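As a plain string of letters, each chain reads:
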Amino acid sequence: MSTRLSQLFVRTLREDPVDAEVASHRLLVRAGYIRRQAPGVFAWLPLGLKVRRKVEAIIREELDAFGAQEVLFPALLPKDPYEITNRWTEYGDGIFRLKDRKGADYLLAPTHEEVFTLLVKDLYSSYKDLPLSIYQIQDKYRDEARPRAGLLRGREFSMNDSYSFDYTDAGLALSYEQHRAAYERIFTRLGLEYVIVQADAGAMGGSKSEEFLHPTPIGEDTFVRSAGGYAANVEAFTTAAPAPMGFDSLPPAEVLETPDAPTIESLVALANSAHPRPDGREWTAADTLKNVVLALVSPDGTRELVVVGLPGDRDVDPKRAEVAFAPAEVEAATEADFAKNPLLVKGYIGPWVETGALLGEDSATGIRYLLDPRISDGTEWITGANIEGKHVFGLVAGRDFASDGVAEIANVTAGDEAPDGSGPVELARGMEIGHVFQLGRKYAEALGLKVLDENGKLVTVTMGSYGIGVTRVMAVIAEANHDEKGLIWPRNVAPFDVHVIAAGREESIFEVAQSLVESLESTGFDVLFDDRPKVSPGVKFGDAELLGVPLIVIVGRDAAAGMVELWDRASGERTSIPIADVAAALA
RNA sequence: CGGGGCGUAGCUCAGCUUGGUAGAGCGCUCGGUUUGGGACCGAGAGGCCGCAGGUUCGAAUCCUGUCGCCCCGACCA
């Protein structure tokens, strides 16, 4: 195949579109691959579509290779299936909803678990039909609060979503591994660097969950990894808790005057000046126990206060808190909350008073009290004495106070130990490009997907759910492969195999270029031919760099002598070779 | 949803302070000169100046309202 640039439906822009910030967005628009239609919604021009199709083809090949089968569900769906799983409500403003002429509710699907599950339920009822993996590549719709960064976070985006159906846990584990392995091959073929991180299973329910993240500073996810191979999304990071220690030899706790010290900073300063540690070491924020009052708002609207104790050098990570308390929403406690609980003295809150426990379900306040894993038995803390201007020093966990449980909501910092003992972690940003997930029986249960097993017993099917953001992946590839002049596609997804430029005015140059294009075409190459007459070489070179086909052939001044230049877009290197050698050089 | 900014030609923007009926560069069309890094000359096409209302003899410009868009943050299976 070949395409003449003079005929191609494209217009490159000399200047950056003003609304595009990130490189992929800027360049894909400027090079004429996509065009904005509405916030987060894009039209696909021929060049963009070609790249998108190539990404899709790789996904299809790898999924088909282990026996997954392609299907296609509509993007427009009735609300009923989503009512059953309560997601019609849970999604809130996040989905596009619409009504038909009769007033019936519909939605533009943000994801398709329900309909996949229901279709399998319709058709299958025996263990002999399983395992089954079916997938689609379909547009998804989410009414993002703020679409941004072009294709990276759109409201309409293409996604490959795949679902596995098994009737045993072992079967699910295998289906999961097959998808995971296929995804690894897909990203490798796409030339995309990725890190597989443990992920939080989140609102989807289910158990094992891993994300494929592409490390990039513009990524929206923060993840941690250790040199020893541990990797997790921060939301899924678990703290390595110190082993409990005995406290028989520790001195009793002591209430000391700490006027005007309602913050950790002021408390540490005051402790060092007024109440220095007997052994002379400085007190630090990590010696203090900070008690944060949070309000949890359940989906049904009930509001519960909870206090979380964490080392004073830590802050609450809002995302981790959301995960820890899901499905409840986490808010900061308000003045009204404090007014209702006069025993809580702002700035001096602690789990202990001389008369006994102040925090905890069985305490004076009855407020649930959770602790960061670092507050293990035998550790000593400075914390509020629940009296204005007083803190208690040497308060020992397990001896002087106890909790109702553990809360993983403290922020993660570089240098924290990985929970598997593989060393300290570093933090990095990543863009989620894929997700593999053992959904388990949640949806099958809710939607009644059961099959008869070997013993004639009805068993609930267990599912896996897997996704790759196709259009996002395309943007991430552009993000990872460009320079200041334009795009530089990896060969596997480039819109063309080679970009031939006729550089010059003589008729003979065009004739030589034309015959080269035809011969490459007959060899099986997909060729883009810049045949534009009266366009100067400079413009053609610039457009070639913008468009980003990785291999460019310039037919120019030496064409009559049978020589052309082979131009490597990525390195910028140009080599003069005989025309007859071009096909071989491209192979 | 909070903060900031912007709506004028396909794109990037000027004009608005101080009202007088629409501009530049790029792109596009025609003619000509150019042709290895975004060349030039000449002639053109193209605009409900986001929308509505108001003030005024007259509004892109002033006033009120409204809609939309972009960026940062919050949110984001």
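Remember, predicted model here, so these are calculated numbers, not experimental data. (Residues numbered from 1 in each chain as written. Chains lettered and ligands numbered in written order. Predicted model: local features only at pLDDT ≥ 70, side-chain atom pairs only at ≥ 80, totals over all residues. Heavy atoms only, no water.)

1. A closer look at the environment of L449
The condition that has to hold: Starting at the N terminus, helices and strands are each numbered in turn, a helix being any DSSP run of H or I of at least four residues and a strand any DSSP run of E of at least two. Contacts were defined at the residue level, with two residues in contact if any of their heavy atoms lie within 4.5 Å.
The topology assignment puts L449 in the loop between α10 (442–447) and β25 (450–452). Taking the C-alpha atoms as reference, L449 lies 9.0 Å from T462; in sequence the two are 13 residues apart. If we ignore the near neighbours within four places in the chain, the residues touching L449 are T117, V120, K121, F165, A444, V459, T460 and V461.

2. Here's the deal with the domain arrangement of chain A
To be explicit about the condition: An automatic or database domain assignment is the source of the domain bounds shown. When two parts are brought into contact, each loses some accessible area as probed by a 1.4 Å sphere; the total of that loss over both is the buried area.
Splitting chain A by domain gives domain 1 (2–237 + 427–479), domain 2 (254–406) and domain 3 (496–586). For domain 1 versus domain 3, the distance between C-alpha centres works out to 38 Å. In this assembly, 15 residues from domain 1 lie in contact with 16 residues from domain 3. Taken together, both faces of the contact between domain 1 and domain 3 bury some 1400 Å²; the carbon and sulfur share is 57%. Looking at the side of domain 1 facing domain 3, the largest losses of area belong to S2, R4 and L5, adding up to 42% of the total buried there.

3. Concerning unusual backbone geometry
Cut-off, in case you're wondering: Exposure classes here rest on a 1.4 Å probe applied to the protein chains alone. A residue is buried below 20% of its type maximum, exposed above 50%, and partly exposed in between.
Cis geometry is adopted by the peptide bond preceding P131, which originates at L130 and carries an omega value of 0 degrees. Within the secondary structure, P131 sits in the loop between α5 (113–123) and β8 (132–141). One non-glycine residue with positive phi stands out, namely A149, at about 60 degrees. For A149, the location among the structural elements is in the loop between β8 and β9 (156–166). Among the residues examined, A149 registers a relative accessible area of 22% and is labelled partly exposed.

4. A short note on the pairing of strand β15 (residues 289–297)
Operational definition: Pairing between two strands is assigned when DSSP locates at least 2 bridges connecting them.
Across the 9 residues that make up β15, a large majority, 8, are buried. In this structure, β15 lies alongside strand β16 (residues 303–311), joined through 9 bridges in antiparallel fashion. When the sheet's bridge partners are listed, V292 is paired in β16 with V308. Sheet analysis places β15 next to strand β17 (residues 329–332), joined by 4 bridges and oriented antiparallel. Counterpart to L294 in the pairing with β17 is A332.

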